[in-house]
There are 2 protein chains.
Amino acid sequence: MGKRDTEQALGADGPVQFSVDRSSPVPLYFQLSQQLEAAIEHGKLAPGSLLGNEIELAGRLGLSRPTVRQAIQSLVDKGLLVRRRGIGTQVVHSQVKRPLELSSLYDDLEAAGQKPATRVLLNTTTEADAEVAAALGIAEGAEVALVERLRLAHGEPVAHLRNHLPAGLIELKTAELEETGLYRLMRSAGITLHSARQAVGARAATVEEGERLDEPEGAPLLTMQRTTFDDTGRAVEFGSHVYRASRYAFEFQLLVRP
Amino acid sequence: MGKRDTEQALGADGPVQFSVDRSSPVPLYFQLSQQLEAAIEHGKLAPGSLLGNEIELAGRLGLSRPTVRQAIQSLVDKGLLVRRRGIGTQVVHSQVKRPLELSSLYDDLEAAGQKPATRVLLNTTTEADAEVAAALGIAEGAEVALVERLRLAHGEPVAHLRNHLPAGLIELKTAELEETGLYRLMRSAGITLHSARQAVGARAATVEEGERLDEPEGAPLLTMQRTTFDDTGRAVEFGSHVYRASRYAFEFQLLVRP
DNA sequence: CGGTCCGTCTTGTCCGGACAATGTGACCTC
DNA sequence: GAGGTCACATTGTCCGGACAAGACGGACCG
């Protein structure tokens, strides 16, 4: 009965089928959004194809339209779908890389198959200087934890990491720091990382930095300063890091919210 | 009649007042979210203070609870509010910098009061090589626009910018490129920028780069490669840029979506 | 005094419906 | 044939209600 022929989201044998389990404790909208995301990821929903209108989709699944909209909206926020009033909802054309987690050097190296290792150079407490106090939003002179680490890949130095944390937030054990990344330790301590403000620059290596990182004096180094916040807006970490430019580059994705 | 005393969002003279205009074409939830955001921005809602429960807020404004929730949710997504079941919704503790737009060097310099200027070195079309084709998702050898620019601040060079764009997307006039940034031109051409994938690294300047940027050979340079996508997922620009590390650093904010 | 249970508060999820806004395509008119 | 007009399809906004889930405080009991 459709007056208009539309490019439907069809597989080889009909429309992609979704289903929800009402006995599951997982919210219905979340079940649906995961199935949609998986279908997009696996190419079952081709880029550019229309999803079919919300009301019919809701009826087919036995859900209400608000629930279906909530599922779709979460994927729109992720950049996987585009809604167009009067047209429909379609899959974006290019495969979108995932929004990229707050990059952890340890995880980055591990994912690249580089077998990261860590040498803890310092694990103590100190008084916050002006820069650290401003970054963490605490008083100058307040006690903070200070960790300095050398991160290695394949036995060669990649970066020198210096981190300051508010006192009492987490107890950092040197043995743990040698075996995993700082963010993993914080997450397993119940801290939910939420956002980070970063500044990335470059400069020439000093003699000391060169010795530490096995680079000649004057070699280009990548520098990053980062303040990380948890979900309540507290600053939970301030890092001041130096990377060998010959061994590392940052990759990340920015989303624009208009 | 409240059995519990809660830290309310109070000003000097009672709770902050909001109001909506039903005759306005602006959606109600958007009116409310803007007023909430402004109140947070101006400190009228103190960090950590509770917002008051949704049902009462809805009743006070003459709105339904879903509408109020939609307004609140948009601010939660922005990282300005935190919801806690059984507790309430509260303002995050630290002032959050805005999510940071897709950084435009031109806008960055202008915002810093640096009076940016642009010298267009090249404005032509060419065939996409393998790297450009892969980044833009087009065929190798396809026609692309190519622009090379030197960006100056206070008359001194800051960066060398090379951009490739799919053919036919936008007509770039050299005169316009000298006067504003590429992103502004694209936006005013009706292209809605959505996300970008970036890689930032560093390296030592070659002789030619040094001459172009007024740096000695071997000076540290910041490099960035960026592919920008519009809201349908099309790649609309691939940039390969080189910055003087002594004059520029990237600042940006990353959001973690759990 | 301490631990457990329970009630209450708040957000989370879900439903069904209604009307508005907008883009598309077909139809009609000139 | 060209242009404007109109109906239709689809998402956008908004409402009112219902129950569930989690968190906190206080009462109760050992």
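The rules behind each value
Residues numbered from 1 in each chain as written. Chains lettered and ligands numbered in written order. Predicted model: local features only at pLDDT ≥ 70, side-chain atom pairs only at ≥ 80, totals over all residues. Heavy atoms only, no water. Helix = DSSP H or I, 4+ residues; strand = E, 2+ residues; numbered from the N terminus. Buried < 20%, exposed > 50% of the residue type's maximum accessible area, 1.4 Å probe, protein only. Contact = heavy atoms within 4.5 Å. Areas by Shrake-Rupley, 256 points an atom, 1.4 Å probe, with all protein chains shown as cover. Near = heavy atom within 4 Å. Polar contact = N/O pair within 3.5 Å; in protein donor to acceptor, adjacent residues only side chain to side chain. Least-squares fit on C-alpha atoms with pLDDT ≥ 70 in both. Pairing = 2+ DSSP bridges. Axes fitted to C-alpha atoms, helices over the stretch in contact; angles between N-to-C directions. Buried area = accessible area lost by both parts, 1.4 Å probe. Salt bridge = Lys/Arg side-chain N within 4 Å of Asp/Glu carboxyl O. Nonpolar A, V, L, I, M, F, W, Y, C, P; charged D, E, K, R; others polar. Phe/Tyr/Trp six-rings, centres within 6.5 Å; stacked < 30°, edge-to-face > 60°. Expected span 1.5 Å × (residues − 1).

On a plain count of helices and strands, chain A comes out with 8 helices and 11 strands. Put simply, chain A has 258 residues, and 47% of those count as buried. A sequence separation of at least 24 residues applies to 58% of the contacts in chain A between residues at least 6 apart. Roughly 13400 Å² of accessible area belongs to chain A as shown, and the carbon and sulfur atoms make up 50% of that amount.

Okay, the protein's contact with DNA strand D next. The environment of DNA strand D is made up of 28 residues, and the closest members are Arg83 of chain A together with Arg22, Leu28, Ser64 and Thr67 of chain B. Put simply, 75% of the atoms of DNA strand D that lie within 4 Å of the protein are in sugar or phosphate. With respect to DNA strand D, the side chain of Arg83 of chain A contributes an N or O atom lying 2.7 Å from a phosphate oxygen. In the environment of DNA strand D, a phosphate oxygen lies 2.9 Å from a nitrogen or oxygen atom belonging to the side chain of Ser64 of chain B. Elements supplying a minimum of two residues to the surface near DNA strand D: helix 2 (54-61), helix 3 (65-78), strand 3 (81-84) and strand 4 (88-91) of chain A together with helix 1 (28-41) and helix 3 (65-78) of chain B. Ranked by the residues each element gives to the surface near DNA strand D, the list is headed by helix 3 of chain B, at 3 residues.

Each copy of the sequence occupies a distinct position, and chain B is placed on chain A by a rotation of 180 degrees and an axial shift of 0.0 Å, giving an RMSD of 0.1 Å. The transformation relating the two chain copies, once decomposed into turn and shift, fits a two-fold axis. Nearest to the rotation axis, the C-alpha of Pro220 of chain B is located 2.4 Å from it, this being the minimum over chain B. Both copies share a contact surface, since 100% of the interface residues of chain B are interface residues in chain A too.

Take the sheet that holds strand 8 (residues 193-204) of chain A next. One open sheet accounts for 7 strands, arranged 5(A)-6(A)-7(A)-10(A)-9(A)-8(A)-11(B); its pairing is antiparallel. Of all strands in the sheet, those with a lone pairing partner are strand 5 (116-127) of chain A together with strand 11 (250-255) of chain B, marking the two edges. Within this sheet the neighbouring strands show an average axis-to-axis angle of 15 degrees, counted without direction. Pairing between strand 8 of chain A and strand 9 (residues 220-230) of chain A: 11 bridges, direction antiparallel. For Ser195 of chain A, the partnering residue across the bridge sits in strand 9 of chain A and is Phe229 of chain A.

The next subject is the interface of chain B and chain A. Each partner contributes to the interface: chain B provides 40 residues, whereas chain A provides 40 residues. Overall, the association of chain B and chain A removes approximately 3900 Å² of surface from exposure, summing both partners, and the carbon and sulfur fraction of that is 57%. The partner of Asp231 of chain A in a salt bridge is Arg84 of chain B, and the shortest N-O contact between them spans 4.0 Å. Connecting chain B to chain A are 7 residue pairs in polar contact (both at pLDDT 80 or more). The set of elements that each furnish at least two residues to the side of chain B that touches chain A consists of strand 3 (81-84), strand 8 (193-204), strand 9 (220-230) and strand 11 of chain B. Looking at which element gives the most residues to the side of chain B that touches chain A, the answer is strand 8 of chain B, with 12 residues. Taken together, the residues of the side of chain B that touches chain A break down into 21 nonpolar, 12 polar and 7 charged. For strand 11 (residues 250-255) of chain A and strand 8 of chain B, the ladder comprises 6 bridges, and the chain directions are antiparallel. If you follow Leu255 of chain A over to strand 8 of chain B, its bridge partner there is Ser195 of chain B.

The next thing to look at is the packing of aromatic side chains. Residues and elements named next belong to chain A. Throughout the structure, instances matching the rule amount to 9 aromatic pairs over all chains. On the basis of an interplanar angle of 80 degrees and a centroid distance of 5.1 Å, the ring pair of Tyr243 and Phe250 is categorised as edge-to-face. With respect to burial, Tyr243 and Phe250 carry one shared label: buried. What links up through ring pairs into an aromatic cluster is the set Tyr243, Tyr248 and Phe250.

Turning our attention to helix 3 of chain B. Since there are 3.6 residues in each turn of an α-helix, residues three or four apart along the chain are aligned in direction. Residues and elements named next belong to chain B. Compared with an ideal rise of 1.5 Å per residue, which puts 14 residues at 20 Å, helix 3 spans 20 Å between its outermost C-alpha atoms and is within 8% of the ideal. Among the residues of helix 3, those classed as buried are Thr67, Val68, Ala71, Ile72, Leu75 and Val76. The inward-facing, buried residues of helix 3 abut helix 1, helix 2 (54-61), strand 3 and strand 4 (88-91). Where helix 3 terminates, the next one or two residues include Gly79, which has phi positive at roughly 85 degrees.

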